[in-house]
Amino acid sequence: MAGRTLGRRWCSSAARAAGIAPPIQVKLTETAGRGVFASRKIGAGDVILTEFPVISHPSPTNMGKVCWWCLKRFSLITKPFLQLESSWMAYCSQECTDLAKGCMDLENNRHWKEFHDYCRESNLRFPLLVKRLACMVATNMASFDVLDILYPPSPPGFLQRWLEERKLLTETLTRCGIDSASTKCILFLRFFPSKRVRFSFDRLEVLSDSWYAGALSRIHLNTFRVETIATEITNLEAALVDSITGDDVVGSAVYILPSMFNHSCDANVNIYWRENAFVQLKALQPIEPGKELCITYIDASMGCEARRALLQDAYGFHCKCPRCLDND
């Protein structure tokens with residue numbers, strides 16, 4: 001995969017140049033699996049982590065309105081650098097065009113219209129991320145197990161709708177010219193480059209039901225809604241309208257380290273995006289070494305019962321953060 005796609009940076013360039021250790025470490029918690037902890041004192045307002053996503057995709061309502069790769073919003077001032085023949089694909093810069101080049105031809109195919117229409121009409125965003133991942137796997141931009149480091153380690157179950165989505169995905173890939181045999185060949189050579197043995201392709205189930213379920217379940221629990229900030233005066237009025245209609249969510253993205261931050265309704269870390277999917281995590285308060293760093297997964301201004309119900313439904317856990325234990 002392109003370096004920038006998986007790239008991540010710690011604090012400032014001055015800190016990196018000085019050889020200062022990263023301010024965080026990932027380790028097991030007593031009750032919530034993995035967590036992120038401060039490895040040294042962090043000041044209020046310090047940038048703890050910045051990272052580009054592993055995969056991202058515009059929301060169904062914003063296709064053609066944002067960069068197909070980094071999700072930067074287009075406007076009267078910020079126009080597309082490259083607009084492809086498909087109505088939904090445009091890039092904001094030469095850099096994004098270069099990064100997306102590996103799977104650009106595959107995604108710029110008229111056969112995807114049915115898949116996109118299905119996601120738009122059903123208001124689904126997670127299958128779009130699986131589609132992007134499948135295209136990156138098929139074009140050798142990513143390994144099919146790139147998300148395996150994330151929870152859950154195995155899918156909790158399989159919905160009938162997922163079977164229909166997976167079928168539509170594989171049928172579309174086939175119509176685009178990516179047949180299962182060529183995809184399996186790419187993957188086999190990627191993972192076993194030194195093997196000189198005969199191999200039966202039907203033993204390597206690429207884009208199988210289990211692969212789709214695993215990818216979708218991890219994406220479901222680890223996807224961030226990318227809500228960018230309007231930086232142009234001419235965009236402020238449109239941004240206000242978008243915030244009311246929900247179109248301020250320009251797309252979705254999956255990250256590695258940010259996905260390991262646990263939730264608290266009284267978070268000590270804020271996560272935000274400025275103009276694209278490049279994410280920043282900042283300390284909301286001074287944080288001592290050894291303290292767990294937490295973000296909020298939801299709108300923490302809701303009441304305790306509403307927060308707990310939403311977290312249980314969306315993420316499958318009963319929140320026991322200090323605020324919820326105090327019934328705040």
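Scoring rules and cut-offs
- Residues numbered from 1 in each chain as written.
- Predicted model: local features only at pLDDT ≥ 70, side-chain atom pairs only at ≥ 80, totals over all residues.
- Heavy atoms only, no water.
- Helix = DSSP H or I, 4+ residues; strand = E, 2+ residues; numbered from the N terminus.
- Buried < 20%, exposed > 50% of the residue type's maximum accessible area, 1.4 Å probe, protein only.
- Contact = heavy atoms within 4.5 Å.
- Axes fitted to C-alpha atoms, helices over the stretch in contact; angles between N-to-C directions.
- Parallel < 35°, antiparallel > 145°, perpendicular 65-115°, else oblique.
- Nonpolar A, V, L, I, M, F, W, Y, C, P; charged D, E, K, R; others polar.
- Salt bridge = Lys/Arg side-chain N within 4 Å of Asp/Glu carboxyl O.
- Pairing = 2+ DSSP bridges.
- Disulfide = S-S within 2.5 Å.
- Core = buried A, V, L, I, M, F, W, Y, C linked by side-chain atoms within 4.5 Å.
- Left-handed = near helix turned anticlockwise from the far one by under 90°.

**Remarks on the overall build of the protein chain**
Scanning the protein chain from terminus to terminus reveals eleven helices and 13 strands. Taking all 328 residues of the protein chain together, 49% fall into the buried category. Of the contacts made within the protein chain by residues no fewer than 6 positions apart, 68% connect residues no fewer than 24 positions apart.

**Quick word on the packing of helix α3 (residues 94–107) against helix α5 (residues 126–138)**
Running from N to C, α3 and α5 cross one another at 110°; their axes reach a closest spacing of 9 Å. On the basis of their axis angle, the class for α3 and α5 is roughly perpendicular. Contacts between α3 and α5 involve Cys 103, Leu 106 and Glu 107 from the former and Lys 131, Arg 132, Cys 135, Met 136 and Ala 138 from the latter. Grouping the amino acids of the contact of α3 with α5 by side-chain chemistry returns five nonpolar, no polar and three charged.

**Brief notes about the pattern of salt bridges**
Scanning the entire structure with this criterion turns up eleven salt bridges. The closest approach of N and O atoms between Asp 148 and Arg 218, which form a salt bridge, is 3.8 Å. Of the two residues, Asp 148 sits in the loop between α5 and α6 (160–175) while Arg 218 sits in helix α8 (residues 209–222), which places them 70 residues apart along the sequence. Using a relative accessible area of 8% as the deciding quantity, one classes Arg 218 as buried. Residues Asp 209 and Arg 166 are paired through a salt bridge, measuring 2.7 Å at the closest nitrogen-oxygen approach. Pair noted here: Asp 209 is in helix α8 and Arg 166 is in helix α6, with a separation of 43 residues, a long-range link. A relative accessible area of 30% places Asp 209 in the partly exposed class. Shared partners join several salt bridges into a network, and the residues in it are Glu 107, Lys 131 and Arg 132.

**Let's talk about the sheet that holds strand β13 (residues 292–295)**
Taken in spatial order, the four strands of this open sheet run β2-β3-β13-β10, and their pairing is mixed. Each having just a single partner strand, β2 (24–28) and β10 (262–263) make up the two edges of the open sheet. As judged from the five bridges shared by β2 and strand β3 (residues 34–38), these two strands associate in the antiparallel manner. By the bridge assignment for β3, Gln 25 is matched with Phe 37.

**A closer look at the state of the cysteines**
For the structure on display, the rule yields zero disulfides. Cys 70 forms no disulfide, and the closest cysteine sulfur to it belongs to Cys 92, at a distance of 3.6 Å. A residue is classified by how much of its surface remains accessible, and Cys 70, at 6% relative accessible area, is buried. Cys 324 supplies the cysteine sulfur nearest to Cys 265, a cysteine that is in no disulfide, at a spacing of 3.7 Å. You can call Cys 265 buried: its relative accessible area is 4%.

**Considerations on the side chain of His 111**
Looking at the element boundaries, His 111 is found in the loop between α3 and α4 (112–121). Not counting residues within four places of it along the chain, the set of residues in contact with His 111 comprises Thr 172, Arg 175 and Cys 176.

**Looking at the sheet that holds strand β9 (residues 249–254)**
Read from one edge of the open sheet, three strands run β5-β9-β8, paired in antiparallel fashion. Both edges of this open sheet fall to β5 (55–58) and β8 (223–227), since each of them pairs with a single strand only. In this sheet, neighbouring strand axes are inclined to one another by 25° on average, regardless of whether the strands run parallel or antiparallel. As paired strands, β5 and β9 are joined by four bridges and run antiparallel to one another.

**What to know about the nonpolar core**
By size, the foremost hydrophobic cluster in this structure holds 79 residues, and its most contacted members are Ile 55, Trp 69, Tyr 91, Leu 147 and Leu 293. The element best represented in this core is α5, accounting for ten residues. Contacts of Ile 55, omitting those with residues within four sequence positions, involve Leu 129, Arg 132, Leu 133, Met 136, Leu 147, Ile 219, Ser 252, Ala 253 and Val 254. Of all hydrophobic cores here, the second largest spans seven residues; its members include Cys 265, Ile 298, Leu 311 and Cys 324.

**Digging into the environment of Glu 288**
Its location among the elements puts Glu 288 in the loop between β12 (279–283) and β13. With 250 residues separating them along the chain, Glu 288 and Ala 38 place their C-alpha atoms 6.8 Å apart.

**Re the packing of α5 against α6**
Close contact between α5 and α6 brings their axes to 11 Å; oriented N to C, the two are set at 35°. Both α5 and α6 take part in a crossing whose hand is right-handed. For the pair α5 and α6, the contacting residues are Pro 127, Val 130, Lys 131, Ala 134 and Cys 135 in the first and Glu 165, Leu 169 and Leu 173 in the second. Of the residues belonging to the contact of α5 with α6, the class tally is six nonpolar, no polar and two charged.

**Quick look at the environment of Met 302**
Secondary-structure assignment places Met 302 in the loop between β13 and α10 (304–315). Distance from Met 302 to Asp 328, taken between C-alpha atoms, is 9.6 Å for residues 26 residues apart in sequence.

That's the geometry; what it means functionally is another story.
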